[in-house]
Amino acid sequence: MTQGARANKSGNILEGNVEAILNGHNYFQVGNHVSREFILSANLLPKRYAKQVYIGAGIYQTSLKVDFFVVGVSTSASGLIIECKWQESGGSVDEKFPYLNLNIKEFYPAPTIVVIGGEGMREGAINWRKSQVASNRNLLAVYSLDRFIAWANKYC
């Protein structure tokens with residue numbers, strides 16, 4: 001298996017854990033690769049989510065898709081976006097944090113939580129990512145998987 005394939009698989013495992021947490025709190029998946037408008041209008045299920053949701057154009061005027069768009073969270077009437085970032089060994093995920101931060105700040109239509117995992121991110125990058133919560137109105141938090149579980153147990 002190539003390094004890229006391993007990285008993709010590991011990222012999918014983190015997303016699978018987030019999805020299991022949502023399911024455990026009685027959220028139902030209503031789609032994959034759908035638009036934000038679709039998830040917001042699928043109101044037969046009060047607690048719902050979709051994966052790989054198109055939210056519009058980003059800073060490069062290219063399509064933006066978010067890992068999860070969740071509706072029904074008590075703390076956010078406009079929905080909640082969850083982004084998952086995994087880095088097992090040294091690589092480029094932490095170098096992509098400024099791009100993600102600017103898109104969240106300028107173009108994300110709902111509050112966002114970033115769930116990070118793996119041991120390959122530079123400590124400085126994690127600290128920088130967490131420090132952005134104070135200056136980014138759309139960035140609610142940056143959590144490890146265990147802290148995200150604690151948050152979900154309280155608010156989902």
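Cut-offs and rules
The numbering scheme is per chain: residues are counted from 1 as the chain's sequence reads. With the structure being a predicted model, the display of local features is reserved for residues of pLDDT at least 70 and the display and counting of side-chain atom pairs for 80 or more, all residues being used for whole-chain, interface and lining totals. To obtain the side-chain values, all non-hydrogen atoms of the structure were included, while hydrogens and water were left out. Secondary structure counts use DSSP, requiring at least four H or I residues in a row for a helix and at least two E residues in a row for a strand, with both numbered from the N terminus. Working rule for contacts: check all heavy atoms of both residues, and any pair within 4.5 Å makes them a contact. What qualifies as a polar contact is a pair of N or O atoms within 3.5 Å, subject to a donor-acceptor requirement within protein and to the restriction that residues adjacent in sequence count only when both atoms come from side chains. The working definition used for a salt bridge is a side-chain nitrogen of Lys or Arg within 4 Å of a carboxyl oxygen of Asp or Glu. Burial classes: relative accessible area under 20% of the type maximum marks a residue as buried, over 50% as exposed, and values in between as partly exposed (1.4 Å probe, protein chains only).

Caption draft 1: Structural context of the environment of L139. If you trace the backbone, L139 turns up in strand β6 (residues 139-144). The spatial distance from the C-alpha of L139 to the C-alpha of A110 is 9.0 Å, given a sequence separation of 29 residues. Excluding residues within four positions of it along the chain, L139 makes contact with N101, I104, T112, V114, R129, Q132 and V133.

Caption draft 2: Focus on the environment of Q29. Along the chain, Q29 falls in strand β1 (residues 28-32). Sequence separation between Q29 and K51 is 22 residues, and the spatial gap between their C-alpha atoms is 7.8 Å. Ignoring any residue separated from it by four or fewer positions in sequence, one finds Q29 in contact with E19, Y49 and K51. At 3.1 Å, the side chain of Q29 and the backbone oxygen of G31 are in polar contact. Only 3.2 Å separates the side chain of Q29 from the side chain of N32, close enough to count as a polar contact.

Caption draft 3: Structural view of the pattern of salt bridges. According to the stated counting rule, one finds one salt bridge in the structure shown. Between K51 and E19 there is a salt bridge, with its nearest N and O atoms 3.0 Å apart. A residue pair is termed long-range when its members are at least 10 positions apart, and K51 in strand β2 (residues 48-57) and E19 in helix α1 (residues 3-24) qualify at 32 residues. Here E19 falls in the buried class, since its relative accessible area comes to 14%.

On their own, these measurements won't tell you what the molecule is for.
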